[in-house]
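Fold and geometry: a report
The chain contents come next:
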Amino acid sequence: MESNRKKIIVTGAAGALAQKVIERLKLQYKIIAVDFRTKVDLGIPVESYKVDFNKRIFEDIFREHEFHGVIHLGRISASESNRFARYNANVVGTKKLFELCRKYNVPNLLVLSTYFVYGASPYNPSLLDEATPIKAADLTMDLVDSVELDNLANIYLYKHPELNITILRPCNIAGPGVRNTFSKLLSSKTAPVLWGFSPLMQFIHINDMRDAICEAFEQRKPGLYNVAPPDYIGFQDAVKNSGCRKIQIPSFPDGLTLMVSKTLNLDTLPPFLLNFYKYPVIIDGSLFTSTFDFKFKKGLEDIFNYYKSMK
Amino acid sequence: MPINSSKHNHIKMSCIHCNLNVISIFDLINSILSIMPGNKKISLEEIKSYFDSSEIEKYKELFPNNIGSFGYDPWGFNLKGIKGTLGVGKFMYEKFFRVEAFGLENIPKEGRVLIVPNHSGQLPLDGSLVGYAMMTNPYAPRLPKAMVERFFPTMPFVGNYLSSIGAVLGEPNNASSLLKKEEAVIVFPEGVRGSGKLFKDRYKLQRFGNGFMHIAMKHETPIIPAGIVGCEESIISFADIKPLAKFFGIPYFPLAIPFIFPTKVYIHFGKPLFFDKEVKNEFEIEARVKMVKGEIKKLINLGLSKRKSIF
């Protein structure tokens with residue numbers, strides 16, 4: 001039974017989302033979990049490694065196992081490292097991973113990107129589709145690694161169709177265990193907001209995101225997909241409904257806002273994301289839902305009730 | 001007991017203060033209305049009647065059908081915003097500007113349509129009045145979206161407020177998405193050239209952009225020209241202080257009388273114009289734009305001929 005199960009590798013195993021994906025797939029596949037940061041104990045059926053993709057030893061995992069697929073969720077976030085180390089790990093490391101997939105004929109590759117790549121510009125139309133030019137790198141250098149990772153995955157998608165790459169660009173992932181900026185903010189008792197700005201936002205529950213990843217991986221329909229439920233809320237309303245107390249930050253002139261953000265040095269108001277606190281980035285997730293016949297099970301109410309219950 | 005009585009006194013003082021504010025606003029409104037012929041004063045009860053919260057029930061069936069669980073649509077329209085504004089809109093339309101709308105029967109009850117009026121007035125008052133006329137249209141009421149200038153989303157409070165009542169960033173992809181959803185869209189092809197024009201240029205149509213024609217043709221959408229008379233005199237601007245506009249990052253900085261005059265407004269909606277997709281070059285598009293401009297000019301002249309007094 002053990003030997004019949006196909007093997008897959010899941011990166012970013014220290015993250016809550018990867019652990020949920022592993023939990024869901026571990027009976028169906030033999031899972032090798034890897035992470036840059038730490039060796040995670042995920043119980044007996046799951047082999048776990050702490051490994052840097054840029055080190056030669058990473059190839060040993062591919063030599064040892066014949067992989068049926070890779071779910072690439074691992075990325076070092078802005079709060080964990082500086083811009084150059086992030087580029088090295090997230091972009092150069094991903095390139096190494098893609099090359100190993102080619103060398104060892106891995107036929108199914110799923111890559112998690114982010115809606116941040118579109119950039120928060122005041123001139124964004126609503127319902128950005130997958131063909132919308134990505135502008136985040138124009139607006140802040142701190143998102144260059146996210147944009148480059150996304151571009152790299154797109155290049156491999158078309159240049160190496162045998163890899164069957166599926167790229168997912170989700171909206172804000174939220175819910176239990178999620179440690180991204182907006183999830184940390186909604187978990188806090190006090191939340192910074194920019195005075196006079198309440199951009200429209202989308203949130204996807206971590207369980208729905210887990211299901212989206214598993215469905216996309218299993219159905220193997222290569223392409224680039226936004227993932228977001230068709231539901232929206234103003235940022236300040238989201239903060240209020242999560243039971244946070246708002247801290248108003250001056251929103252103009254831009255220099256003052258940046259200075260306050262740098263001085264406060266809050267995880268929940270990083271300078272490079274300031275525009276996301278001002279301008280909406282609403283993505284159209286209809287291609288994903290129609291291609292994979294996907295239904296969202298959790299709503300905004302579930303997400304905010306979770307954060308409220310933490311207070 | 002003494003604590004209670006001081007609290008009571010405090011409340012009493014607040015109420016007196018509040019009443020004084022209400023009375024002074026009430027007096028201000030009546031002084032403005034006294035400019036109008038016949039000097040029709042308005043009672044406090046009549047003002048209150050405009051802000052009856054049950055009014056919104058009449059229009060609920062007009063709201064977009066893609067409103068999410070917290071009352072937002074993908075462009076930021078939300079029930080809270082429209083509810084808070086309906087009374088002001090009604091007062092401005094019925095009492096302040098005493099709008100007379102003609103040709104409302106030309107607006108189709110359903111399906112995509114572009115409403116193309118002349119633009120003026122420094123503030124987006126004309127768009128609001130056209131929107132209110134369409135919402136209360138006895139033949140076919142519908143709630144339109146209005147495309148607004150690109151600098152509004154960058155303004156604190158203003159951007160969010162305008163989105164909440166149905167304004168949408170003037171961007172071709174937004175117009176396309178709305179028309180695909182069979183919505184009615186108000187578009188001002190003069191853009192800031194129209195809204196920022198000086199008093200001396202009133203009723204002189206400024207250069208039209210061609211974008212609206214491309215969108216109408218691409219989505220096979222009828223164009224309803226509209227001529228607005230009255231808004232051009234509501235806010236009087238004598239000059240555009242360009243250095244200040246540059247300093248604040250806005251397209252114009254009017255040297256204007258800081259007052260909205262209660263001018264009488266006439267809106268004439270024309271017959272729908274249909275344009276097929278076939279054109280040989282951009283010159284043919286320009287000819288079509290010129291034709292729409294000509295229709296608007298005729299409707300403006302019709303309004304001017306009906307007007308006996310500015311007020």
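Residue numbers restart at each chain and count upward from 1, following the sequence in its written direction. For this description, chains carry letters from A and ligands carry numbers from 1, given in the order in which they are written. Given that this is a predicted model, residues contribute local features only at a pLDDT of at least 70 and side-chain atom pairs are listed and counted only at 80 or more, while totals for whole chains, interfaces and linings are drawn from all residues.

1. Focus on the overall build of chain A
- Scanning chain A from terminus to terminus reveals eleven helices and 13 strands.
- C-alpha atoms define the radius of gyration, and 2.2 Å times the number of residues to the power 0.38 defines the globule rule. The C-alpha radius of gyration computed for chain A amounts to 19 Å, which stays within 12% of the reference 19 Å derived for 311 residues, consistent with globular compactness.
- In terms of overall dimensions, chain A has C-alpha extents of about 60 × 35 × 35 Å along its principal axes.
- Here the contact rule is simple: place C-beta atoms from the backbone, and any two residues whose C-beta atoms are within 7 Å are in contact. Taking the intrachain contacts of chain A between residues at least 6 apart in sequence as the baseline, contacts between residues at least 24 apart amount to 75%. Each helix is a run of DSSP H or I of at least 4 residues and each strand a run of E of at least 2, with the numbering of both proceeding from the N terminus.

2. Quick word on the environment of H65 of chain A
Residue and element names in this part refer to chain A.
- Among the secondary structure elements, H65 is positioned in the loop between α2 (58–64) and β4 (67–72).
- The exposure class of H65 is partly exposed, given the 15 C-beta atoms found within 10 Å.
- C-alpha separation for the pair H65 and N82, spaced 17 residues apart in sequence, amounts to 33 Å.
- With residues up to four places along the chain from it excluded, the contact list for H65 reads K7 and I32. Remark: C-beta atoms are placed from the backbone, and a residue is labelled buried if 20 or more other C-beta atoms sit within 10 Å of its own, exposed if 12 or fewer do, or partly exposed between those counts.

3. Looking at helix α1 (residues 16–25) of chain A
Residue and element names in this part refer to chain A.
- Of all ten residues in α1, seven are buried, a share of seventy percent or more.
- The set of residues buried in α1 consists of L17, A18, Q19, K20, V21, I22 and L25.
- The inward-facing, buried residues of α1 abut β1 (6–11), β2 (29–35), β4, β7 (172–174) and α7 (206–219).

4. Structural notes on the interface of chain B and chain A
- In this complex, chain B contributes 19 residues to the contact, which on the side of chain A involves 24 residues.
- For this classification, Asp, Glu, Lys and Arg are treated as charged, while Ala, Val, Leu, Ile, Met, Phe, Trp, Tyr, Cys and Pro are nonpolar and the rest, including Gly, are polar. When its residues are assigned to classes, the side of chain B that touches chain A shows eight nonpolar, nine polar and two charged.

5. Here we look at the sheet that holds strand β6 (residues 165–170) of chain A
Residues and elements named next belong to chain A.
- Here seven strands make up an open sheet; going across it, the order is β3-β2-β1-β4-β5-β6-β11 and the pairing parallel. Of all strands in the sheet, those with a lone pairing partner are β3 (47–50) and β11 (223–227), marking the two edges. Going from strand to strand, the sheet's axes swing by 20° on average, the running direction of each strand aside.
- Of the pairings in the sheet, the one linking β1 to β4 comprises five bridges and is parallel in character. In this analysis, strands are considered paired if DSSP registers two or more bridges between them. For helices, the fitted line uses only the C-alpha atoms of the stretch in contact; every axis is such a line through C-alpha atoms, and the angle between N-to-C directions lies from 0 to 180 degrees.

6. A short note on the sheet that holds strand β9 (residues 266–269) of chain B
Residue and element names in this part refer to chain B.
- Spatial ordering of the open sheet is given by β1-β9-β6-β2-β5-β3-β4, a layout of seven strands whose pairing is mixed. One side of each edge strand has no neighbouring strand; the edge strands of this open sheet are β1 (100–102) and β4 (167–169). Each strand of the sheet is rotated relative to its neighbour by a mean of 25°, with strand direction disregarded.
- Along the sheet, helix α4 (residues 125–135) contacts β1, β2 (113–117), β3 (145–148), β5 (184–186), β6 (223–229) and β9; its crossing angle with β5, the most-contacted strand, is approximately 155°.
- Against the sheet, helix α10 (residues 282–306) engages β2, β6 and β9, with an angle of about 35° to β6.

7. Quick look at the confidence of the model for chain B
Residues and elements named next belong to chain B.
- The predictor attaches a confidence to each residue, called pLDDT, with possible values from 0 through 100. With 87% of its residues at a pLDDT of at least 70, chain B reaches an overall mean of 85.
- In the model, residues 1–18 has pLDDT below 50 throughout and makes zero contacts with residues more than four positions away in sequence or in other chains.
- Scored as a complex, the prediction yields pTM 0.88 and ipTM 0.90.

8. Some words on the pairing of strand β5 (residues 109–112) of chain A
Residues and elements named next belong to chain A.
- Along β5, one buried face is formed by L109 and V111 and the opposite face, lined by L110 and L112, is buried too.
- When β4 meets β5, the two strands line up parallel, connected through three bridges. Residue V70 lies in a different strand from β5, and its bridge partner there is L109.
- Note on handedness: a clockwise path from strand one over the helix to strand two, with the strands aimed away from the viewer, defines a right-handed crossover. Regarding topology, helix α3 (residues 83–103) serves as the crossover connection from β4 to the parallel β5, and that connection is right-handed.
- Relative to β6, β5 runs parallel, the two being bridged by four bridges. Bridging from a neighbouring strand, L112 pairs with L168 of β6.

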